[in-house]
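One-letter residues, chain by chain:
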Amino acid sequence: MRTRALAVTGAFSFTPEVHSDQRGTFVSPLQHGAFVAAVGHDLTVAQTNHSRSARGVLRGIHFTTTPPGQTKYVHCARGRAMDVVVDIRVGSPTFGRWDVVELDARSFRATYLPVGVGHAFLALEDDTVMSYLVSTEYRAERELAVDPFDPALGVAWPKDMEFVLSGRDRAAPSLARAEAAGVLPRYEECLALGAGGAAAGAARADRADRPA
């Protein structure tokens, strides 16, 4: 497994060895030892997600409110995608920076996003399938978005592409507007929730949501 630290503090890409013969292919996109050596703690998995997208579908920039926050480990099981990691953590040394990892079903490269980091991807082929391991369960009211075309971020999306976005993503605020509204994660809190703390934070939030 080859590991690369990304331009966003705490985010990494992982490229496994792919074994192929006359029968086909075998690969392990997630390997515990390599993950812990790079990130410094275990990967908490509370839910697995799966999406299939046509060429040009752009999902994001998405993030989960903190607390509880959410970590993600993402790889492409079919097709090809431009995977984008964006630092939206207020107070982070890399706040406002982004990095791109090309994910595909040949390399089975994966991206790890720590708590509080924004995520987006653009499908570069039809029937692109993305697989996610996430540290907290889905709750619609916790899921927020930032404008993927915010000029202040300047993500280098392809110019020869007709983009397909959800209504929510098209209406998402700029990074500056989201910061002014007080909805962005704070770096110090994200660090405190990082090593498995997101799942514990989600459990506390779930209990708080229940009527007494």
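**Some thoughts on the sheet that holds strand S1 (residues 2-5)**
- Ordered by their spatial adjacency, six strands build an open sheet running S1-S2-S10-S7-S12-S5, and the pairing between neighbours is antiparallel. Two strands in the sheet have a free side with no partner beyond their single neighbour: S1 and strand S5 (47-53). Recorded for the sheet is a direction-independent mean angle of 20 degrees between the axes of neighbouring strands.
- The sheet contact formed by strand S2 (residues 12-15) and strand S10 (residues 110-113) spans three bridges and is antiparallel. Looking at S10, one finds that Ser13 is bridged to Thr111.
- Along the sheet, helix H1 (residues 32-39) makes contact with S1, S2, strand S7 (72-78) and S10, crossing S2 at roughly 155 degrees.

**A word on the pairing of strand S11 (residues 118-123)**
- The buried fraction of S11 is high, at six of six residues.
- Side chains Gly118, Ala120 and Leu122 of S11 all project onto a buried face; the interleaved residues His119, Phe121 and Ala123 project onto the opposite face, where all are buried too.
- Here strand S6 (residues 58-64) runs beside S11; their pairing, made up of three bridges, is antiparallel. Counterpart to His62 in the pairing with S11 is His119.

**As for the layout of surface pockets**
- Of the pockets and cavities examined, the largest pocket occupies roughly 470 Å³.
- Around the largest pocket sit 22 residues that line it, and Asn49, His62, Lys72, Tyr132 and Arg168 are the ones nearest its centre.
- Looking at the lining of the largest pocket, the elements that each hand over two or more residues are S5, S6, S11, strand S12 (128-134) and helix H2 (167-170).
- Here the element with the most residues in the lining of the largest pocket is S6; it accounts for five residues.
- The class makeup of the residues in the lining of the largest pocket is eight nonpolar, nine polar and five charged.
- The space that makes up the second largest pocket amounts to roughly 180 Å³.

Rules behind the numbers
Residues numbered from 1 in each chain as written. Predicted model: local features only at pLDDT ≥ 70, side-chain atom pairs only at ≥ 80, totals over all residues. Heavy atoms only, no water. Pairing = 2+ DSSP bridges. Helix = DSSP H or I, 4+ residues; strand = E, 2+ residues; numbered from the N terminus. Axes fitted to C-alpha atoms, helices over the stretch in contact; angles between N-to-C directions. Contact = heavy atoms within 4.5 Å. Buried < 20%, exposed > 50% of the residue type's maximum accessible area, 1.4 Å probe, protein only. 1 Å grid on protein atoms, 1.4 Å probe; cavity = no way out; pocket = protein on both sides within 12 Å on 5 of 7 lines; lining within 4 Å. Points joined across faces, edges and corners; volume = space filled by probe spheres on them. Nonpolar A, V, L, I, M, F, W, Y, C, P; charged D, E, K, R; others polar.

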